Amino acid sequence: MDASVRLHLLKSCISYATHDHVRKSGHRASMPPKALLLTSQPSLRNVVSRAWRAATSITPYQTSCFKPNKNWTLRSIDHGARPYSAKTKPTVSAVLKNIKDHTAENIVSIFHSRSNNPYHNLAIENYLLRNSHAQSKILLFYTNRPCVVIGRNQNPWLECNIAKIQEGLPWNAADWDDGVLDNDRHVIAEERDGYNVSLDLVRRRSGGGTVIHDVGNLNFSFIVPNDKDFTRDKHAELIVRALMAPMTVTRFRDHVLYDNVHVNQRHDIVMTCANVDGGNTQKEFKVSGSAFKLTRGRALHHGTILHSSPNINRQVFVAGDEGGQVAASVFSALLSSPAKPFLEAKGVGSVRSPVHNLFDVTDQVQRREVVRSLRKEIGQLFMDVNGMGDISVEEVGDEDCAVDMNGEIYRDAQELMTDDWRFCQTPTFEYRSEDAGGALKMRFQVKHGLIQNASLEHVELDAEQQLKFAGLEGKKLHEIQSWTSCLPPHAGFRHAKACAHLETVFPKIQPAGAAREGGAESTIIQEADLSGSNQDGIAVKRKAPGGRIELERGGENVVVER
Amino acid sequence: MVKKYTEEHEWIEMDADNKIGTIGITEYASKALGDVVYVELPEVGLETAKGETIGAVESVKSASDIMSPVTGKVTDVNEVLSEKPGTINKAPEGDGWFAKIEVTDAAELEGLMDKEAYDAFEK
């Protein structure tokens, strides 16, 4: 990189940090400001890192610096939070590339993904399922950035509130942990009051129902032979043992919210607790949901562990039944579908259960402690039950999903992000607005995402012409940008009311992984804005109003804060 | 008529001409999977190779792939399963059949297990 550009970027990092600190003094800052430090020279990086910390008065473990390595894949440098196993290797791409040999030599192995990108984590998981040695036993951990994950055969229109997911949640830096910086190229490092960050809507490959993921949720994934030893409860029981282990219960005794945990009939883990909400009655809450994928003699059992979601007690405003806005919990707002009364669907519905955090932990450092402890406890039990000794953990991450690292993982992640996967894989369903405020009586079917067999009452046309009249011929439901420009006015119904209804029920879809800053439109900037930036193969892609700059080098996106 | 079984717990029964094979999942598999709630059928006309995924069933939160026991072309699918996926549990080796495949090379069947071998196969 051109030296002047590098210095320019570093200077702006420091001045931004200082300025930001002053601006925030006296302001509740749940997390110190962060930035991406961009240099290939370790000595220079250290100087900047020190200056940075002095300027922002933050302790080393709170800092996350990132350096592009020589191939410009990003790698995190974590000053305080050391990996929990000394055997962890810094670069593991080779392990995934040679996964068959690796899992043949290490018949029991544990992986920890540093990525918080749900598409990457699911792709890594699927790769392990399909490419590991047939007899190997694998445990993978990951935590996703806030997202809503539906089951393989579910209907996103029916399972969640897509508009709310896209509108997102008010930004709070602590919700993203440090992981956001090293894993997510769309770095949003500062607390952004007034900004929303939209969530990912993800379809996984396993069965089951819809779950919400965030930083307070640890995902486990067991990949084992699908033989007579495998049962749907086997690994859930192992999680229960880890949660009830003296190590867990006594270490976090001031924060443990459960009296007991057990596996229920649905293969979920529930906790019982006495004095929740100040009451005296014993209550049961779901804390972990399971789903399975069985293929070619292998079984994948993955699930969530809701240890300390910051969203569980948060509320947001949603449209009330009688107009206006009412407060609702974040979880129920994200999962209540406005389309539900109008849809009749095949496929798999979710079973709603009350959920609860396992631990009363709101502090980021403590949350990380809980996660590390759970991973260690579960990992050790997994080794124990398989007659193995000490844990050795391989770290994987976004770098393993690069096209030139593991093409199969890359392509799988790309597929998960397509609307063909997210929407067209929805089992056939029918829309019926018998009762849409008298605006329009309309029906249509959606098969593989494609709208078929529309019929509009009061519009006297042949069956096949109705689809054309409604502007829906050959249209995929998720591709409709505007119902107003689709559906023509007609004397038979109130056009504005009908369109307003349809836009509520089937909102416009954002592409997966779209920039997640609600309302903050990025603007293209000219290369001249950063003189010399096109040297050394660097291209400025865009600059957001907040000062975020995206650079591209060798196909890799690199993001710089101001 | 020839009926064979795979290690993936699928069966294939050839018609009298030994050309079209009807495939499905075995009694054992249907019990192991539990209540089937959704079946993903292949498209008619799909050309598939032995061991390729041609569909899936979901039961008790498990998505299970169905692999084609032979190379060939899908000529028919059991639409009943779209409406009543539970038919797979009621009669996995009867009304709960999955698809019909025009078999490219009948010799492929010789590599599969007969009933006796499948019953003895460790599950």
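Residues numbered from 1 in each chain as written. Chains lettered and ligands numbered in written order. Predicted model: local features only at pLDDT ≥ 70, side-chain atom pairs only at ≥ 80, totals over all residues. Heavy atoms only, no water.

- As recorded in an unreviewed UniProt entry, chain B goes by the name Glycine cleavage system H-protein subunit, listed as coming from Neophaeococcomyces mojaviensis.

1. So, the packing of helix 9 (residues 234–244) of chain A against helix 12 (residues 364–385) of chain A
Residues and elements named next belong to chain A.
Point 1. Relative to each other, helix 9 and helix 12 sit at 125 degrees, their axes nearing to 9 Å. Judged by the angle between their axes, helix 9 and helix 12 are oblique. The element helix 9 and its partner helix 12 pack so that their crossing is right-handed. When helix 9 is examined against helix 12, the residues Leu238, Ile239, Arg241, Ala242 and Leu243 are found in contact with a partner set consisting of Leu374, Glu377, Ile378, Leu381, Phe382 and Val385. (Axes fitted to C-alpha atoms, helices over the stretch in contact; angles between N-to-C directions. Helix = DSSP H or I, 4+ residues; strand = E, 2+ residues; numbered from the N terminus. Parallel < 35°, antiparallel > 145°, perpendicular 65-115°, else oblique. Left-handed = near helix turned anticlockwise from the far one by under 90°. Contact = heavy atoms within 4.5 Å.)

2. Here's the deal with empty space enclosed by the protein
Residue and element names in this part refer to chain A.
Point 1. A complete count under the given rule lists six cavities of 30 Å³ or more for this structure.
Point 2. Approximately 90 Å³ is the volume attributed to the second largest cavity.
Point 3. Leu122, Glu125, Asn126, Leu129, Arg204, Arg205, Ser206, Lys293, Leu300, His302 and Leu416 together form the lining of the second largest cavity.
Point 4. Contributions of two or more residues to the lining of the second largest cavity are made by helix 5 (118–131) and strand 15 (298–306). (1 Å grid on protein atoms, 1.4 Å probe; cavity = no way out; pocket = protein on both sides within 12 Å on 5 of 7 lines; lining within 4 Å. Points joined across faces, edges and corners; volume = space filled by probe spheres on them.)

3. Considerations on the confidence of the model for chain A
Point 1. Summing up the model confidence of chain A, the mean pLDDT is 74 and the portion of residues at 70 or higher is 67%.
Point 2. Contacts for the low-pLDDT stretch residues 1–90 of chain A, under 50 throughout, to residues beyond four places or in other chains number 168 contacts. (pLDDT = per-residue confidence, 0-100.)

4. Examining the side chain of Arg114(A)
Point 1. Structurally, Arg114(A) can be placed in the loop between strand 3 (108–113) and helix 5.
Point 2. A distance of 2.5 Å separates the side chain of Arg114(A) from the side chain of Glu395(A), its partner in a polar contact. (Polar contact = N/O pair within 3.5 Å; in protein donor to acceptor, adjacent residues only side chain to side chain.)

5. Considerations on the sheet that holds strand 15 of chain A
Either a parallel or an antiparallel arrangement is found when strands of a sheet pair, and the pairing is made through backbone hydrogen bonds.
Point 1. Taken in spatial order, the nine strands line up as 19(A)-3(A)-4(A)-10(A)-15(A)-14(A)-7(B)-6(B)-4(B) in an open sheet, and their pairing is mixed. The sheet is open, and its two borders are formed by strand 19 (393–396) of chain A together with strand 4 (36–40) of chain B, each paired with just one other strand. Here the average twist between neighbouring strands, direction ignored, is 20 degrees.
Point 2. Where strand 14 (residues 290–295) of chain A lies against strand 15 of chain A, six bridges are found, and the strand directions are antiparallel. Within strand 15 of chain A, the position partnered with Leu294(A) by the bridge is Ala299(A). (Pairing = 2+ DSSP bridges.)

6. Comments concerning the interface of chain A and chain B
Point 1. Each partner contributes to the interface: chain A provides 26 residues, whereas chain B provides 23 residues.
Point 2. Here chain A packs against chain B, burying approximately 1,800 Å² in sum over the two surfaces, 40% of which is carbon and sulfur.
Point 3. Arg152(A) is paired through a salt bridge with Glu40(B); the nearest N and O atoms lie 2.9 Å apart.
Point 4. Counting the contacts that link chain A with chain B gives 19 residue pairs in polar contact (both at pLDDT 80 or more).
Point 5. Top element by residues in the side of chain A that touches chain B is strand 14 of chain A. It accounts for six residues. (Buried area = accessible area lost by both parts, 1.4 Å probe. Salt bridge = Lys/Arg side-chain N within 4 Å of Asp/Glu carboxyl O.)

7. Considerations on the environment of Lys90(B)
Point 1. Within the secondary structure, Lys90(B) sits in helix 3 (residues 87–90).
Point 2. Counting along the chain gives 59 residues from Lys90(B) to Lys31(B), while the straight-line C-alpha distance between them is 9.9 Å.

8. Observations concerning the packing of aromatic side chains
In this description, an aromatic ring pair is defined by two values, namely the gap between the centres and the angle between the planes.
Residues and elements named next belong to chain B.
Point 1. All told, the structure shown has 15 aromatic pairs over all chains when counted by the stated rule.
Point 2. Summarising the aromatic geometry, the rings of tyrosine 5 and tyrosine 118 are spaced 4.9 Å apart at their centres and angled 10 degrees between planes, so their arrangement reads as stacked. In this pair, tyrosine 5 is assigned in strand 1 (residues 3–5) and tyrosine 118 in helix 4 (residues 115–120), connecting sequence segments 113 residues apart.
Point 3. A relative accessible area of 4% places tyrosine 5 in the buried class.
Point 4. Using a relative accessible area of 4% as the deciding quantity, one classes tyrosine 118 as buried.
Point 5. Between tyrosine 118 and phenylalanine 121 the ring centres are 6.4 Å apart and the planes differ by 25 degrees, which places this aromatic pair in the stacked class.
Point 6. A residue is classified by how much of its surface remains accessible, and phenylalanine 121, at 23% relative accessible area, is partly exposed. (Phe/Tyr/Trp six-rings, centres within 6.5 Å; stacked < 30°, edge-to-face > 60°. Buried < 20%, exposed > 50% of the residue type's maximum accessible area, 1.4 Å probe, protein only.)

9. Details of the pairing of strand 22 (residues 450–456) of chain A
All names here are of chain A.
Point 1. In terms of strand pairing, strand 21 (residues 442–447) meets strand 22 through five bridges, oriented antiparallel. What sits directly across from arginine 443, in strand 22, is serine 455.
Point 2. Hairpin geometry of strand 21 and strand 22 is characterised by an intervening segment of two residues between the two adjacent antiparallel strands and by a positive phi of about 50 degrees at histidine 448.

10. What about the layout of surface pockets?
Point 1. The calculated volume of the second largest pocket comes to roughly 1,100 Å³.
Point 2. Taken together, the elements giving at least two residues each to the lining of the second largest pocket come down to helix 5 and helix 13 (407–417) of chain A together with strand 4, strand 6 (53–59), strand 7 (62–67) and helix 2 (80–83) of chain B.
Point 3. Split by residue class, the lining of the second largest pocket holds 16 nonpolar, nine polar and 15 charged. (Nonpolar A, V, L, I, M, F, W, Y, C, P; charged D, E, K, R; others polar.)

11. As for the sheet that holds strand 13 (residues 283–288) of chain A
Residues and elements named next belong to chain A.
Point 1. An order of 11-12-13 is seen for the three strands of this open sheet, with the pairing classed as antiparallel. Each edge of the open sheet is held by one strand with a lone partner, namely strand 11 (260–263) and strand 13. Between one strand axis and the next, the sheet turns by 30 degrees as a mean value, whatever way the strands run.
Point 2. Sheet topology note: the strand 12 (residues 269–273)/strand 13 ladder contains five bridges and is antiparallel. When the sheet's bridge partners are listed, methionine 271 is paired in strand 13 with phenylalanine 285.
Point 3. Of the strands in this sheet, strand 11 and strand 12 touch helix 9, which is tilted by about 175 degrees from strand 11.

12. Notes on the environment of Asp200(A)
All names here are of chain A.
Point 1. By the secondary structure assignment, aspartate 200 is in strand 8 (residues 200–203).
Point 2. Judged by relative accessible area, which is 2%, aspartate 200 ranks as buried.
Point 3. The spatial distance from the C-alpha of aspartate 200 to the C-alpha of valine 148 is 6.2 Å, given a sequence separation of 52 residues.
Point 4. Within the structure, aspartate 200 has its side chain in polar contact with the side chain of arginine 145 (distance 2.7 Å).

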